[in-house]
Each structure stands twice: as structure tokens, then as C-alpha cells.
Amino acid sequence: MRKRIPADATRLGMYIDGFDTSWFKTPFLRHHFEIKSPDQIEKIVESGVAYVYIDTDKGLDVVSDKESKEPPAQVKKAPATPASDAPKKDVQPDDKAYTDYILAMDDMLQVDKLSLIEATSVGFELFVKTGMDIVPLTATRNKKGDSVITREVLNAPGELLISRSDAQKYREYLTEAMNAVSAAQSQVSKNMLIKENAKMLVHDLFNDPGSPAKMEACKDTVENVISSIIDTKGLITNLFTVNKHDYYVYTHSVNVSVFSVATAIALGIQAEGELFAIGMGSLLHDIGMSTIPPEVLHKPLQRLTDFEVGLLRGHVYEGLDIVKLYKGITPETLLPLLEHHENLMGTGYPVGLKGDKLHLSGRIISVTNTYDQLTTSRPGFNAISPFEALTYLRDHKDLYDADILKEFITVLGKSGQ
Ligand SMILES: [Fe+2]
């Protein structure tokens, strides 16, 4: 369970799951870690951060209720000393709404409206997000008090979210709902199950990138994706999120993995190991983003400082460091991760690889990653349509492999995009 506690109530063995302040105001590079030394406690207290979040499933709880008592709102004040190596820019007062939004989003999970079946009921709360507003969905209740999925729910403007703590209930709902559909619909329903589960899994992994169990589960997911695409001869309907508006790293990761595997198959790649490396490397391509503070990750692009741009670009090597910790990750699996921001001209990063220096999997993911980014809104960037995104890629033959793009367009065409 995630709890907000006073910073001076921290103790050895607790698992820190975030700080109740801007990342810049803490001396820690990572905001998710176990407290293993008194020095870390000293650092937390000296940083001036008033409150921290702990995860009691991963570490010790507070020793008494008094310590976990909810603090009065006014104690959310600026800490005394920002980290010495952090930029001096502070969060401005008018950024408060934005900061609150970022913190709230950290605890939410975007769910696909298409996964909800009309007239069924759900044992979890649904929220609607429009822009930066997140409000509980007012739904009809059944006798048990569960929300009923009505046409109004399915047509709610904006995206549907659930609380992260309700992920298991959503999984159970999905399994039941997808099992109840007709045989004719079984494969696309199965795809929905694979995809929504994959999103939750990646969400979990990014919050706990050191978990071998979660990494193993990701391998199973990639295998399921590959089998589904092969069994349906390239049909990826429901395997990726179509009606997405905003950027979520877990939705993006699953989309890019599905696009990359399907494109590789369309290009004639049949070797199981090769497909797995492309799928797994694509699923993990942005895992280094888990080290980026949410305030930077979700900041409008135009407002990023040079320092923050450098931090964001560092996600490639950060990701490499994380993935290398796992046994059984082949060098081929690392290629999509290393090369997804490279391009044929050599103007990408982190290396600036040019032309045939890019591996095939790198050339595939540079297309699929760019497409998914262009069709997703982020603060400071409004998504463009699939057609416009493909036109952009086609018009930049110097950057993106035209043969790969052709196959990718075929893949999207089969799914009705
Ligand atoms: Fe990336």
C-alpha cells in the first residue's frame, strides 16, 4: 500500500515510492528505492522535504499510526535547500495545478474504452480525464454498488482512467468480459486482453524496474503478441491502443512493440529468436524513462531547459543499464533500445548512427516509434492523424527506411487504420 508519511518518520527497511515535492528539490536521482543506510534517512530529512511516499508492500511500514497521520495541507511548503547539482529554476506558483496533475497521474492507469462491455458492471472506480482535469465518473450503480457500463460511460468525452491500486480488479474484469464474447470475436478479444495486461505490466515494471518477476512476465507478453500476430497472419486489431489522446509511456511501449513485431513479420522475418528480440527490445525501449522525474517527463517540450533535454536523452543509456542487469537478455534485444532515436541520416541520438550502421531492428523501431509519438498528444504537442504521420514519414525518406515504411503501412491497413 502506498502511504504518505512525514519525512522524519522514515526508517531503515522502508521502500520510498516518491517524494511529495518536485524532483529538483531532493538530493536523490531516483525516487523509488529501499532505505538501506542511516545516511539516506539523514539526506531525506536534511533535504527539507516535508513528506514522502512509502510502499508498505515492498518495505517496512511506519511504527505507529501517529507517524502516518495525514498532514495539514499548509505544510506542503518549499524545502530549505535544493540539490546542489540541480538547476536553480524553481516550480513557479502557477505551476501548482500542473504539479498536482503530474502527481495524480502517477497513481492512475489509462484503460481502453473498447475493453469495457456495455451493460456489464465494474468493481472499481472510473475517472474521466479531459486535459489536466481528472474527475470521478458519475455512473449508474447496481444493487452491489458497482458502476454499470452504460452508453454514456462509453461515450464519455476524454480518456478513462482507474486508480493504480485497482489494476488487479481491472484484470479480473477483463478476463471475465473477454471470455464471455462470441467465438467469432475470440481472437480480437484475446488481443484486447493481451494488450491491456501488457500495459499494466509495463506500468508495474517502470515503477519497479529492478523486478526479475515483472521482467519475466514481460517476456511471456511478448511471446503472446508474436503468437497472436502469426496466428492471425498479421492482424493487430486490439493489440494496440487506437483511441489514445495523451502520452503514457506504458501505452506507447506496447504499441511500438506490436507495430515492430508485425512489421518485422511483414518483412519476412520468421526466426523466433529474432522476432522475440525485436518485440522485447521494443517493449523495453523507453524503460530508461523510469529514471526521469515525472515533472520533466511530462513538461511541455517548449519549456524544457537544456539540462532537462540532456536528462531526457539520457534515457537510452539509463535503459541499457537497467536491462543489462537481467540474465538472459541477448545483445540483439538491446538494439531496439539503443537505436530507437537514431535515423538513416545520422542526425539521431545517442550515437548518430548513419545508414547501414543501423541494424534492421533499429530501422524498424525508428519508424514505429516516430509514428506512435506523432499520433499521441503530449504537453506542448498536439497529435497529428495517422494519415498525416505516415505522410511525414514518407516525406522523410532520408531519415526513415522506405521499404520498412511500406510494410508498416500494410500492417496498419489490415487493422483498419
Ligand atoms: Fe525513447
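Everything that follows concerns the structure shown earlier in this document.
To start, this report covers the structure provided alongside it.

Basis of the calculations
Residues numbered from 1 in each chain as written. Predicted model: local features only at pLDDT ≥ 70, side-chain atom pairs only at ≥ 80, totals over all residues. Heavy atoms only, no water. Donors = N, O, S within 2.8 Å, 3.2 Å for Na, K, Ca; no water. Tetrahedral: all angles 85-135°; square planar, octahedral: opposite > 155°, others 65-115°. Helix = DSSP H or I, 4+ residues; strand = E, 2+ residues; numbered from the N terminus. Buried < 20%, exposed > 50% of the residue type's maximum accessible area, 1.4 Å probe, protein only. Contact = heavy atoms within 4.5 Å. Phe/Tyr/Trp six-rings, centres within 6.5 Å; stacked < 30°, edge-to-face > 60°. Lys, Arg positive; Asp, Glu negative; His and termini not counted. Salt bridge = Lys/Arg side-chain N within 4 Å of Asp/Glu carboxyl O. Polar contact = N/O pair within 3.5 Å; in protein donor to acceptor, adjacent residues only side chain to side chain. Pairing = 2+ DSSP bridges. Axes fitted to C-alpha atoms, helices over the stretch in contact; angles between N-to-C directions. Expected span 1.5 Å × (residues − 1). Core = buried A, V, L, I, M, F, W, Y, C linked by side-chain atoms within 4.5 Å. Domains from an automatic or database assignment.

1. Some remarks on the coordination of the iron ion
Put simply, the ideal angle at a metal is 109.5 degrees for four donors in tetrahedral geometry and 90 or 180 degrees for six donors in octahedral geometry. The iron ion binds to the protein through Asp 286 (OD), His 315 (NE2), His 340 (NE2) and His 341 (NE2); the donor distances cover 2.1 to 2.3 Å. Taken together, the four donor atoms coordinating the iron ion span angles of 84 to 177° at the metal, a pattern that classifies the geometry as irregular. Sequence spacing among the residues donating to the iron ion works out to D-x28-H-x24-H-H. Taken together, the residues Asp 286 in the loop between helix H9 (272–283) and helix H10 (294–297) and His 340 in the loop between helix H13 (331–339) and helix H14 (360–374) connect sequence positions 54 residues apart. By the burial criterion, Asp 286 is buried, and His 340 matches it.

2. Regarding the environment of Leu 337
Counting through the fold element by element, Leu 337 comes out in helix H13. C-alpha separation for the pair Leu 337 and Asp 286, spaced 51 residues apart in sequence, amounts to 7.0 Å. Excluding its chain neighbours within four sequence positions, the residues that come into contact with Leu 337 are Gly 281, Leu 284, His 285, Ile 287, Val 316, Gly 319, Leu 320 and Val 323.

3. Observations regarding the environment of Ser 361
If you trace the backbone, Ser 361 turns up in helix H14. For the pair Ser 361 and Glu 339, spaced 22 residues apart in sequence, the C-alpha separation works out to 8.2 Å. Ser 361 has contacts with Ile 278, Leu 335 and Pro 336, leaving out every residue within four places of it along the chain.

4. Structural notes on the packing of aromatic side chains
Tallied over the entire structure, the rule returns eight aromatic pairs. Each ring, one from Tyr 371 and one from Phe 408, has its centre 5.1 Å from the other, and the planes form 80°; the classification is edge-to-face. Of the two residues, Tyr 371 sits in helix H14 while Phe 408 sits in helix H16 (residues 402–414), which places them 37 residues apart along the sequence. Taken individually, Tyr 371 and Phe 408 each receive the classification buried, so the pair is uniform in this respect. In textbook terms, an aromatic cluster arises when at least three aromatic residues are bridged by ring pairs, as seen for Phe 240, Phe 259, Tyr 371 and Phe 408.

5. Description of the side chain of Arg 378
Among the secondary structure elements, Arg 378 is positioned in the loop between H14 and helix H15 (386–395). Buried charge without a partner: Arg 378 forms no salt bridge, and the closest opposite charge is Asp 286, 7.1 Å away. Separated by 2.8 Å, the side chain of Arg 378 and the backbone oxygen of Leu 297 make a polar contact. Among residues more than four places away in sequence, those in contact with Arg 378 are Tyr 247 and Leu 297.

6. Considerations on the sheet that holds strand E10 (residues 159–163)
Strand order in this open sheet of four strands is E5-E10-E7-E8, and the pairing throughout is antiparallel. Lying at the two open borders of the sheet, with one neighbouring strand each, are strand E5 (108–111) and strand E8 (133–136). When the angles between neighbouring strand axes are averaged without regard to direction, this sheet yields 35°. Here E5 runs beside E10; their pairing, made up of four bridges, is antiparallel. Residue pairing in the sheet places Gln 110 in a bridge with Leu 161 of E10.

7. Topic: helix H6 (residues 186–207)
Taking 1.5 Å of rise per residue, 22 residues should cover 32 Å, and H6 covers 32 Å from first to last C-alpha, within 8% of that figure. With respect to burial, H6 is a largely interior element, 17 of its 22 residues being buried.

8. Re the nonpolar core
Ranked by size, the top nonpolar core spans 91 residues in total, and within it Leu 116, Leu 126 and Ile 236 carry the most contacts. It is H6 that contributes the most residues to this core, nine residues altogether. Shared between two domains, this core holds at least three residues of each, these being domain 2 (107–180) and domain 3 (183–414). Setting aside its immediate chain neighbours within four residues, Leu 116 contacts Val 122, Leu 126, Ile 149, Leu 154, Leu 160, Tyr 170 and Tyr 173. With 14 residues, the next largest nonpolar core counts Ala 7, Ala 9, Phe 33 and Ile 54 among its residues.

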